[in-house]
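Examining the three-dimensional arrangement
Residues per chain are reported as follows:
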Amino acid sequence: MASYQIKENPTVYDAVIVGSGAGGGMAGYILAKAGLKVLMLEAGPFFDPAKDSLQLRMPWESPRRGASTIRPFGDFDAAYGGWELEGEPYTTAAGTDFDWFRARMLGGRTNHWGRISLRMGPDDFKPKDGVTDEWPITYDELKPFYDRVDRMIGVYGTKEGLHNEPDGIFLKPPKPRLNELFIKKGAKKAGVMVIAGRGAVLTEALAGSEGRGTCFFCGQCGRSCKVYGDFSSSSCLVIPAIKTGNLTVLDNAMVREVLTNDEGLATGVSYVDKNDLQEYTVKGKMVILGASACESARLLLNSKSAAHPAGLGNSSGLVGRYLHDSTGSSLGGFLPQLLDRKRYNEDGAGSVHIYSPWWLDNKKLNFPRGYHIEYGGGLHMPSYGYLNWVPAVNHLVPGKDGQKKAQGGYGQSLKEDARRFYGANVGMAGRGTALARKDNYCEIDPAKVDKFGIPVLRFHYKWAAEEVAQAKHMQETFQSIMHEMGAIITSNIPGPDSSYGLETPGKIIHEGGTTRMGNDPKNSVLNKYCQSHDCQNLFVVDAAPFVQQGDKNLTWSILALSMRTADYILEQKNKLNIG
Amino acid sequence: MNRRETLKALGLAAAGTGLLISSCGPETKTNADKGATVKVPEKLPGVQDFEQERNNKLNAEHFFNEHEMATITVLADIIIPKDAVSGSASEAGVPAFIEFIVKDMPDHQIPMRGGLKWLDVQAFKSYGKAFADCSEKDQIALVDQIAYPAQAKPGMQQGVSFFSRMRELTLSGFYTSEIGVKDIGYVGNLPGIWDGVPKDVLDQYGFTMND
């Protein structure tokens, strides 16, 4: 027997989908419901929140008390993976930064995300400032799909009638927590709008959402929900799609290449089975990539053939280009009013209860586009490091006896400080539009492979003046809100030497843009239905098709776009144009 | 699914809330003052094999020797002593937690080992004994020189750094234990309904239901 062989699965599926997150999950769900035979490959293990979530575990059930040594967001967080994966490196070009977060598991990063579910607005698709390229579609073209996603998956919020923050079909939002009431009041004084959060959590029963429970307010969406009370692709899309009998999941399957025939059409994919490390191929009448923006780009660039010498679908040379994340910067402090506050359960929902949509006119500012603000703080479940801030700030306000203490301390006095300050903390973080630039990109590192022998990505990403100016503005806004609410800032206020606390690219985990859509095949990788210009039975349904994301967390738009692409596939199939 | 069915699906409707708390798995052993190791919980569903293997492996290793563990225990109980509300750090298993966490986060190892040594040298210079063997009065006199960063004398700064780290680890270990969570008054992690800030709290801070 040969020491190297490729095992071929003779079945020809109607569609082969790579990735099981928001994009792959939605496409798989729609196509399987429509009766197509779908094979979905996932690089990580099967994950069912009903069984595998660490929801409702107390901190002492983790030997490191929920610290982030292994999982970047702590032991209980529902992401298998992180910024670094053993045996799966990536590189960055000198003088540039990119942190690439990968969750290898059924449902991908949707198992742990913040469930903040914002629609992009009309100006995000067709910018009026001319700074970035237009999308080939308008908000109105995507709106019916956002509506369907709202009805199918559920999102809470309030109708506000804001032009570029379109309303959805909302469930009732959770009421603000105590610190959020202070934030609302302070922000209003600072001239910053605050509205109810918009989150993919079932705060009430959702018609037609079979098998899903309603939220019971443990505040732990990040651990994924055992009763499917929030949106994860695993619980809400892939597992229901499996139940149709039309979708098969191959887990622990690391896809190596998209296979093409002499005409340049996709015929399937090759993959490594992580269980036996053997090579396999599967066949499909079409291939749909939803592996995440950078992983999908990597796959295309690694799929070279005579018909596609620069990589599959890369005749434009733009695969990997226009990579963009969101900007992020944050500030923390505490509210002296909340010292010695009464205890009660304010876990609430695990997505945001309130947020500030972008509220300013850029004509008066020195940077384009904007950011939204997310807020935090309160009586949360303690975990590793949770009260470290207390002895660092205990000298800033008088004690119960009216006397100021010396910073630090120990003993009875420290225990009293912990009780006094617990729940008085407050934090805010901006998430803004980072411009999609051709010069920020990922490509194949010519010299390096991962443990499967798959060439790895090399990133080139630099922030520019626009992003730094935005972070500076965030910090000024945060300080103003903190001041107006009477909070004491306890973070070091970041200045120009740290680009105003601007997180490195990738850190906000909103990367997109690497196979952008457009009408001109020379200037885009996909058409407006996320179909490759060069290969008509190839689609990309993650955040790679984004021309330019707004300051809106992109999951809701991935879902809407993937649903639209799946509908298009069904329509084209009926017309016998593909498959 | 309505809320009642949701709770039923969770297996909580009949069980009630008390059981939920007590069913949350094994607590760390509280005889840690003898240097006992943390009892790593059985593998929970959803914990990956490699994670559990790593936990078990770390748990089987020893970093601190007996003397170091004794010193950590004395310090932890100075930082979090027993009071009318709750027990001490050692009663909450903090020393064993610290033994585990320095293996989990090796960046703690040199500052902790060196800091403990630094403390013994200081104690020996002042009192002719290792810190753990000093009288309570002498231990406190030494701790007072390193527990207040803004007041510490220049020559004591290394001690301040060590004590700050030790204090943070003690806070982490204590307030994530069953004793500490009860002390701090975290009363969540229970299925329920969030209907906003309770009325009496709104009143206290001058807010209304409509805010």
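Before reading further, recall that the structure is shown in the block above.
Values in this document were obtained by computation on a predicted structure and should not be read as measured data.

Cut-off values and rules
- Residues numbered from 1 in each chain as written.
- Chains lettered and ligands numbered in written order.
- Predicted model: local features only at pLDDT ≥ 70, side-chain atom pairs only at ≥ 80, totals over all residues.
- Heavy atoms only, no water.
- Contact = heavy atoms within 4.5 Å.
- Salt bridge = Lys/Arg side-chain N within 4 Å of Asp/Glu carboxyl O.
- Polar contact = N/O pair within 3.5 Å; in protein donor to acceptor, adjacent residues only side chain to side chain.
- Helix = DSSP H or I, 4+ residues; strand = E, 2+ residues; numbered from the N terminus.
- Pairing = 2+ DSSP bridges.
- Buried < 20%, exposed > 50% of the residue type's maximum accessible area, 1.4 Å probe, protein only.
- Axes fitted to C-alpha atoms, helices over the stretch in contact; angles between N-to-C directions.

Time to look at the interface of chain B and chain A. Chain B puts 83 residues into the contact, and the matching count from chain A is 72 residues. Run the count over chain B and chain A and you get seven salt bridges. The interface formed by chain B and chain A holds 33 residue pairs in polar contact (both at pLDDT 80 or more) in total. Of all the secondary-structure elements, those providing two or more residues to the side of chain B that touches chain A are α1 (3–10), α3 (49–60), α4 (66–79), α5 (94–104), α7 (136–144), α8 (157–175), α9 (178–184) and α10 (199–205) of chain B. In terms of residue count, α8 of chain B provides more of the side of chain B that touches chain A than any other element does, nine residues in total.

Let us now look at the pairing of strand β9 (residues 253–260) of chain A. Residues in a regular strand project their side chains so that they alternate between the two faces of the sheet. Residues and elements named next belong to chain A. Pairing geometry for β9 and strand β10 (residues 266–273), over seven bridges, is antiparallel. Bridge pairing links alanine 253 to aspartate 273 in β10. Linkage of β9 to β10, two consecutive antiparallel strands, is achieved through a turn of five residues, within which glycine 264 is found at a positive phi near 85°.

So, about the pattern of salt bridges. Residues and elements named next belong to chain A. Per the stated rule, a full pass over the model turns up 47 salt bridges over all chains. A salt bridge links arginine 119 to aspartate 150, with the nearest nitrogen and oxygen atoms 2.6 Å apart. Of this pair, arginine 119 sits in the loop between β6 (102–103) and α3 (122–125) while aspartate 150 sits in helix α4 (residues 139–153); the two residues are 31 residues apart in sequence, bridging distant segments of the chain. For the pair formed by arginine 119 and aspartate 150, the shared burial category is buried. A single salt-bridge network, built from bridges that share partners, covers Glu88, Arg104, Glu295, Arg298 and Asp450.

On to the sheet that holds strand β12 (residues 287–289) of chain A, then. Residues and elements named next belong to chain A. Taken in spatial order, the five strands of this open sheet run β8-β3-β2-β12-β20, and their pairing is parallel. Whereas interior strands pair on both sides, the edge strands pair on one side only; in this sheet they are β8 (247–250) and β20 (538–540). Each strand axis lies, on average, 20° off the axis of its neighbour in the sheet, ignoring direction. Taken together, the four bridges between strand β2 (residues 15–18) and strand β3 (residues 38–41) define a ladder with parallel strand orientation. Note on β3: the bridge partner recorded for alanine 15 is valine 38. Taken strand by strand, helix α1 (residues 22–33) contacts β2, β3, β8 and β12, and its axis lies near 165° from that of β3. Strands in contact with helix α7 (residues 293–301) are β2, β12 and β20; relative to β12, the strand with the most contacts, it is inclined by about 135°.

Here we take up unusual backbone geometry. Residue and element names in this part refer to chain A. Of note, the phi angle at leucine 56 is positive, near 70°, even though the residue is not glycine. Residue placement: leucine 56 occurs in the loop between α2 (49–52) and β4 (81–82). A positive phi angle, close to 55°, is found at leucine 277, a residue other than glycine. Here leucine 277 lies in the loop between β10 and β11 (279–284).

This part covers the side chain of threonine 433 of chain A. Residue and element names in this part refer to chain A. Of note, threonine 433 is situated in strand β16 (residues 425–433). Exposure remark for threonine 433: the relative accessible area of 5% places this residue in the buried category. Dropping the residues within four chain positions of it, threonine 433 is found in contact with Thr327, Arg369, Gly370, Gln470, Gln548, Gln549, Gly550 and Asp551.

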